[in-house]
Amino acid sequence: MKVAVVGATGLVGSKMLQVLAERNFPVTELIPVASEKSVGKEVTFKGKSYKIVSATTAIALQPNVAIFSAGGTTSLEWAPKFAEAGITVIDNSSAWRMDPTKKLVVPEINGDTITTADKIIANPNCSTIQMVLVLNPLHKKYGIKRVVVSTYQSVTGTGVKAVTQLMNERAGITGEKAYAHQIDLNVIPQIDVFTDNGYTKEEMKMVKETIKIIGDDNIKVTATTVRIPVIGGHSESVNVEFNREYDLADVRSILENTSGVVVVDDPAQGKYPMPIDAHDRDEVFVGRIRRDETQDKTINLWIVSDNLRKGAATNAVQIAEYLAAKNWL
Ligand code: 2RA
């Protein structure tokens, strides 16, 4: 299968190449695509070098699938051009996520909603994916009324420039900045720009995308998203109020039996999910599972995952695998 990776030089793009190789996606020809300034440079895939080409060249090469991770502007301009040429697009930007004509897919949850007519499929936001993977099976059993989530997000969610800023600050080097504030030894309660209601775009993504993926607009979500000086993954403190009374042991058992979720919850032994352990792992880890003693039918969870993996590259490749298994590529 010919596979184009658009944005192949970015943090997520590089992770896409790694995940495609690791999962043995049947790539017969890789077509790495990046901005004009990178055209002609090379990327390595399964020990072989591939020259980066422009988006126009990539369309002419007719890949079966194009996995985009090059930002919303590039996706808005180029995804329809690939789709018009008959190439299925899996898009990791926010450009198409809330478009009612586009599917927003976490394969374990709503992969089965994809049809052959879907030529641009949206990959959700990283902080949303890891939360809904845990919430969806609990919603099915107990019905979720309201979610209060606070995130602790890795600088890798911003990209290479943010990782460089953190490392430079740590080394005492002055350099280019991805954030308006120092990130090392600090916490920044802003991810993406603010919207009119006082929430950031990242917070509103968690609100809207959760409803769209789980497919129930009765679920209320309120979010505070925060950047911290960490690189291994995003962490989330999640307070969930159910419609029905729940059983703590049953919640644990449901999560233990959920594909892609790993329960790490042995506080007496100091065992709980941490980004340093989630780094470069595909699973979503959940721990600190405990009753909210201040309110009926309510539980507290701590959810951690590598945002570049299940939050981005792995989920996108899983969508491609789903389409390949159906022979739709
Ligand atoms: C972040 N959620 O962590 C974003 C990346 N898509 O900044």
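In case you missed it, the structure is sitting above this.
Bear in mind that the values here come from a model prediction, so they are computed numbers and not experimental data. (Residues numbered from 1 in each chain as written. Predicted model: local features only at pLDDT ≥ 70, side-chain atom pairs only at ≥ 80, totals over all residues.)

**A word on the pairing of strand S1 (residues 2-6)**
For S1, the tally of buried residues reaches four of five residues, placing the bulk of the element in the interior. As paired elements, S1 and strand S2 (residues 29-33) share five bridges and run parallel to each other. Its bridge partner being in S2, alanine 4 is matched across the sheet by isoleucine 31. You can see the chain leave S1, run along helix H1 (residues 11-22) and come back into S2, and the turn it takes is right-handed. Relative to strand S5 (residues 65-68), S1 is paired through four bridges, and the arrangement is parallel. Its bridge partner lying in S5, valine 5 is registered against isoleucine 67. (Buried ≥ 20, exposed ≤ 12 C-beta atoms within 10 Å, placed from the backbone. Helix = DSSP H or I, 4+ residues; strand = E, 2+ residues; numbered from the N terminus. Pairing = 2+ DSSP bridges. Right-handed = clockwise from strand over helix to strand, strands pointing away.)

**Points about helix H5 (residues 126-142)**
Between its first and last C-alpha, H5 extends 25 Å over 17 residues, near the 24 Å set by a 1.5 Å rise per residue. Of all bends in H5, the biggest is about 35°, found at valine 132. Across the 17 residues that make up H5, a large majority, 14, are buried. Looking one or two residues beyond H5, the residue adopting positive phi is glycine 143, at roughly 70°. (Expected span 1.5 Å × (residues − 1). Bend = angle between axes of the 7 residues up to and from the residue.)

**Here we look at the packing of H5 against helix H7 (residues 201-214)**
It is at 10 Å that the axes of H5 and H7 come closest, and there the two elements cross at 40°. Taken together, the axes of H5 and H7 are oblique relative to one another. The handedness of the crossing between H5 and H7 is right-handed. On H7, the residues touching Ser127, Thr128, Met131, Val132, Leu135, Asn136 and His139 of H5 are Glu202, Lys205, Met206, Glu209, Thr210, Ile213 and Ile214. Taken together, the residues that form the contact of H5 with H7 break down as six nonpolar, five polar and three charged. (Axes fitted to C-alpha atoms, helices over the stretch in contact; angles between N-to-C directions. Parallel < 35°, antiparallel > 145°, perpendicular 65-115°, else oblique. Left-handed = near helix turned anticlockwise from the far one by under 90°. Contact = placed C-beta atoms within 7 Å. Nonpolar A, V, L, I, M, F, W, Y, C, P; charged D, E, K, R; others polar.)

**Describing the sheet that holds strand S9 (residues 220-224)**
Taken together, six strands build an open sheet; the order of strands is S9-S8-S10-S13-S12-S11 and the sheet is mixed. Lying at the two open borders of the sheet, with one neighbouring strand each, are S9 and strand S11 (261-263). Between one strand axis and the next, the sheet turns through 25° on average, direction left out of account.

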